[in-house]
Amino acid sequence: MPELNFTPEQRAAIDTRGSTVLVSAAAGSGKTRVLTERLMAYLTDAENPVDIDRFLVITYTRAAAAELRSRILDGIYARIASDPENRRLRRQVALCARAEIGTIHSFCADFLRANCAALALAPDFQVADAERCAALRAAALEHTLERAYTRIDTDKGFRLLADTVGGGRDDARLGELVLSLYDKMQCHARPAQWAQRQVDLLALTGVADAGATPWGRSLLARMQESAEHWCGVLEAQLDIMADEDMEWLMDIYGDSFSATADGLRALAYACNRSWDAAVTALQDVPFPRLGSTRKPPDPDVRDRVKAQRDAAKKAIQTLQKQINIPSAQALADLHATAPAMQALLALTLDFGAAYAAEKRRRSLVDFSDLEHMTAQLLTDDNGAPTELARQLSGRYTEIMVDEYQDVSEVQDLIFRAVSREGSNLFFVGDVKQSIYRFRLADPTIFLQKYAAYPMRGTQAPGEPRKLLLSKNFRSRAEILEAANDVFSLVMKKEAGELDYTQAEALVPGASFPEEGSPKVELHCLDLTAADDDTGDKTGAEAEFVAARIAELLNGGTFVTE
């Protein structure tokens, strides 16, 4: 068969063995090709070949799994064509049909059917569709609320919750809150344990400063990030104004920017001290009057600088309105609301039990059940693998997970449980493409490993390592340069948990014929007519894009296949 050409980075991702590997694969970097070739390398290893059914390969969709299986078969057939007498390769064709290549939910469903007795689950259980689940959830919620209201006179926490959320009108908002909290709890491997930890935190045992609570720490971190950001913006502008050509600008803004930057610096420092120190410093951030009022030589420059000051002022004023009470009052408020929050957690757990009972009576499970029941059998309450997990892990030479940036906590727990103590995991993903938080994906799982794992070649023996696939083979250099410019400006750690640096930048990997026409276009559409409910913004954009593509093709624009 013809020799396949791979970049050194792709070849490293294909051949690296001996520990967990995290591959950060940029868009268009050939990750599916790498996954396929990594499997083929195992299958055709001259000294220690491995059968295809010794791998667990998790993809995000069934379509992706079907494509990967098809590519593997193509690779096997290509090698058979070069070596027709190779019986082992022919055997892989048969094994490929039963190889575990699929979604996390298909893996969990197969696992639960094989181990249903351990959960007293009917072996013929069905996965309920969204419509059926919605009906069962509604019935379970109604029964849960009815039972809760029967004890409202004796349950002070629930009475406070009902009065606060329902506002004396109906329980629709309360029901929505329960469903929302229930859905969010499902990303945790042990939802009931997580709920109990929240109850313990709400007790505020031994807490003397509001900044020591999880909520206080979050708010202080937010204040500190904002203070450091705007302090940096103003100080950078002061550096520009220090130029002698900008003396007129310094006359207007110099004193005001300096005073504000000093206040922001003090705020950032105070956030590391205590809640009261931070609140005081926040309220004291000054925005003094501007200096010279003489006509500026360049009004446009003045207006741009003023816009920065106004943005900083607005951001700080928003924080000042939101965070303005002393620690003692904040803790008192938390104490006052704790019974209602504890009642909400208990109510949500009651709903979960009622919903589970409704499903069990009908031999139904939902997608969340597939994951949690699997995790229940594979791990103990501390997250350690069970004996069943250890037995299962012996089946797999390697666990490969595609689109790893979109896994949840419970899914990641399952992968680790069926691995050999975390030593045979191969993760591929790109946190820049994570868009499924609404489905409980947690990209911080990827980011934590990305930050902790050393680059390949710098790791100790047996230590996890990471590799970067940055070359893009789909788009022209001009397209990638434009994308990099935009992403470097808008993708920041405080907004998207990752700074878009040179390490994350897309690198051209393919050659294209030279063309004289521009490669990047920016079109702004007036969609004001589509602002009402009858307008179709998406349709208008699609029509414009389709027309522009047709225009380019009719004009002779070169397109690769």
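What comes next is a walk through the structure. Just so it is clear, the structure is predicted and the values come from calculations on it, not from any experiment.

Points about the overall build of the protein chain
Reasoning step 1: Regarding its fold elements, the protein chain presents 21 helices and ten strands.
Reasoning step 2: Oriented by its inertia axes, the alpha-carbon framework of the protein chain measures out at about 90 × 75 × 55 Å.
Reasoning step 3: Relative to its 561 residues, the protein chain shows a buried fraction of 42%.
Reasoning step 4: Within the protein chain, contacts between residues at least 6 apart in sequence are counted, and of these 76% link residues at least 24 apart.
Reasoning step 5: If you sum the accessible surface of the protein chain, you get close to 30200 Å²; carbon and sulfur atoms cover 53% of it.
Reasoning step 6: Between the mean site of the 64 positive side-chain charges and the mean site of the 83 negative ones, the protein chain shows a separation of 4 Å.

A closer look at a negative patch on the surface
Reasoning step 1: Taken together, the side chains of E478, E481, D485 and E514 make up a negatively charged region of the molecular surface.
Reasoning step 2: Structurally, E478 can be placed in helix α19 (residues 477–490).

Let's talk about the environment of D499
Reasoning step 1: Assignment of secondary structure puts D499 in the loop between α20 (493–496) and β10 (507–508).
Reasoning step 2: Placed 312 residues apart in sequence, D499 and C187 show a C-alpha to C-alpha distance of 25 Å.
Reasoning step 3: Ignoring anything within four residues of it in the chain, the contact list for D499 reads M491, K492, K493 and E504.

A short note on the packing of helix α1 (residues 8–15) against helix α2 (residues 31–43)
Reasoning step 1: At a minimum axis distance of 8 Å, the contact between α1 and α2 shows a crossing angle of 45 degrees. When the interaxial angle is binned, α1 and α2 end up oblique. As for the relative orientation of α1 and α2, their crossing is right-handed in sense. Side by side, α1 and α2 meet where Q10, A13, I14 and D15 of the first sit next to R33, V34, E37, R38 and A41 of the second.
Reasoning step 2: Within the contact of α1 with α2, the residues separate by chemical class into four nonpolar, one polar and four charged.

Some details on the packing of aromatic side chains
Reasoning step 1: In the structure shown here, the tally under the stated rule is eleven aromatic pairs.
Reasoning step 2: Ring geometry for Y182 and Y355: centres 6.0 Å apart, planes at 80 degrees, overall edge-to-face. In this pair, Y182 sits in helix α8 (residues 172–185) while Y355 sits in helix α14 (residues 327–361), placing the two residues 173 residues apart along the sequence.
Reasoning step 3: On the accessibility criterion, Y182 (8% relative accessible area) is buried.
Reasoning step 4: The ring of Y450 has K466 sitting right over it, with the charged end atom 4.3 Å from the ring centre.

Some remarks on the side chain of D53
Reasoning step 1: Checked against the element boundaries, D53 lands in the loop between α2 and β2 (55–58).
Reasoning step 2: The exposure class of D53 is buried, given its relative accessible area of 18%.
Reasoning step 3: Among the polar contacts made by the side chain of D53, one reaches the side chain of R98 at a distance of 3.1 Å.
Reasoning step 4: Once you skip the residues sitting within four places of it in the chain, D53 turns out to touch L95, R98 and A99.

Re the layout of surface pockets
Reasoning step 1: Size it by volume and the largest pocket reaches roughly 1200 Å³.
Reasoning step 2: If you go around the largest pocket, you meet 44 residues; those closest to its centre are H105, F367, S368, E371 and R439.
Reasoning step 3: Ranked by residues supplied to the lining of the largest pocket, first place goes to helix α15 (residues 367–378) with five residues.

Here's the deal with the environment of F158
Reasoning step 1: For F158, the location among the structural elements is in helix α7 (residues 156–166).
Reasoning step 2: For F158, a relative accessible area of 2% translates into the label buried.
Reasoning step 3: For the pair F158 and G429, spaced 271 residues apart in the sequence, the C-alpha separation amounts to 44 Å.
Reasoning step 4: Residue contacts for F158: discarding those within four places in its chain leaves A148, Y149, I152, L174, A343 and L347.

Here's the deal with the side chain of D412
Reasoning step 1: Among the structural elements, D412 can be located in helix α17 (residues 409–417).
Reasoning step 2: Apart from residues lying up to four places away in sequence, D412 is in contact with Y404, V407, F427, I445 and K449.

Concerning the sheet that holds β2
Reasoning step 1: Overall, parallel pairing links the six strands, which are arranged β3-β2-β6-β7-β1-β8 in an open sheet. The open sheet is flanked by β3 (100–102) and β8 (465–469), the only strands paired with a single partner. In this sheet, neighbouring strand axes are inclined to one another by 10 degrees on average, regardless of whether the strands run parallel or antiparallel.
Reasoning step 2: In this sheet, β3 lies alongside β2 in parallel orientation, the contact comprising three bridges. Opposite I58, over in β3, you have G102 as the bridge partner.
Reasoning step 3: Here α2 sits on the sheet and contacts β1 (21–25), β2, β6 (398–401), β7 (425–429) and β8; the angle it forms with β6, its principal contact strand, is near 170 degrees.

Some words on empty space enclosed by the protein
Reasoning step 1: As enumerated under the stated definition, the model contains two cavities of 30 Å³ or more in all.
Reasoning step 2: Taken as a whole, the largest cavity spans an internal volume of roughly 40 Å³.
Reasoning step 3: Around the largest cavity sit S24, A25, A26, K432, Y450, L468, L469, S470, A503 and E504, which together line it.
Reasoning step 4: Counting residues per element, the ones that place at least two in the lining of the largest cavity are β1 and β8.
Reasoning step 5: Of the residues assigned to the lining of the largest cavity, the class counts are six nonpolar, two polar and two charged.
Reasoning step 6: In this structure, the second largest cavity encloses a volume near 40 Å³.
Reasoning step 7: In terms of lining residues, the second largest cavity is bounded by S24, D430, V431, K432, F446, L447, Y450, L498 and E504.
Reasoning step 8: A total of three residues in the lining of the second largest cavity trace back to one element, the largest contributor, which is helix α18 (residues 443–452).
Reasoning step 9: The residue makeup of the lining of the second largest cavity, split by class, is five nonpolar, one polar and three charged.

Thresholds, definitions, all that
Residues numbered from 1 in each chain as written. Predicted model: local features only at pLDDT ≥ 70, side-chain atom pairs only at ≥ 80, totals over all residues. Heavy atoms only, no water. Helix = DSSP H or I, 4+ residues; strand = E, 2+ residues; numbered from the N terminus. Buried < 20%, exposed > 50% of the residue type's maximum accessible area, 1.4 Å probe, protein only. Contact = heavy atoms within 4.5 Å. Areas by Shrake-Rupley, 256 points an atom, 1.4 Å probe, with all protein chains shown as cover. Lys, Arg positive; Asp, Glu negative; His and termini not counted. Charge placed at Lys NZ, Arg CZ, Asp CG, Glu CD. Patch = residues over 30% accessible without salt bridge, like charges linked within 9 Å, V, L, I, M, F, W, Y side chains within 5 Å. Salt bridge = Lys/Arg side-chain N within 4 Å of Asp/Glu carboxyl O. Axes fitted to C-alpha atoms, helices over the stretch in contact; angles between N-to-C directions. Parallel < 35°, antiparallel > 145°, perpendicular 65-115°, else oblique. Left-handed = near helix turned anticlockwise from the far one by under 90°. Nonpolar A, V, L, I, M, F, W, Y, C, P; charged D, E, K, R; others polar. Phe/Tyr/Trp six-rings, centres within 6.5 Å; stacked < 30°, edge-to-face > 60°. Lys NZ or Arg CZ within 6 Å of the ring centre and 35° of its normal. Polar contact = N/O pair within 3.5 Å; in protein donor to acceptor, adjacent residues only side chain to side chain. 1 Å grid on protein atoms, 1.4 Å probe; cavity = no way out; pocket = protein on both sides within 12 Å on 5 of 7 lines; lining within 4 Å. Points joined across faces, edges and corners; volume = space filled by probe spheres on them. Pairing = 2+ DSSP bridges.

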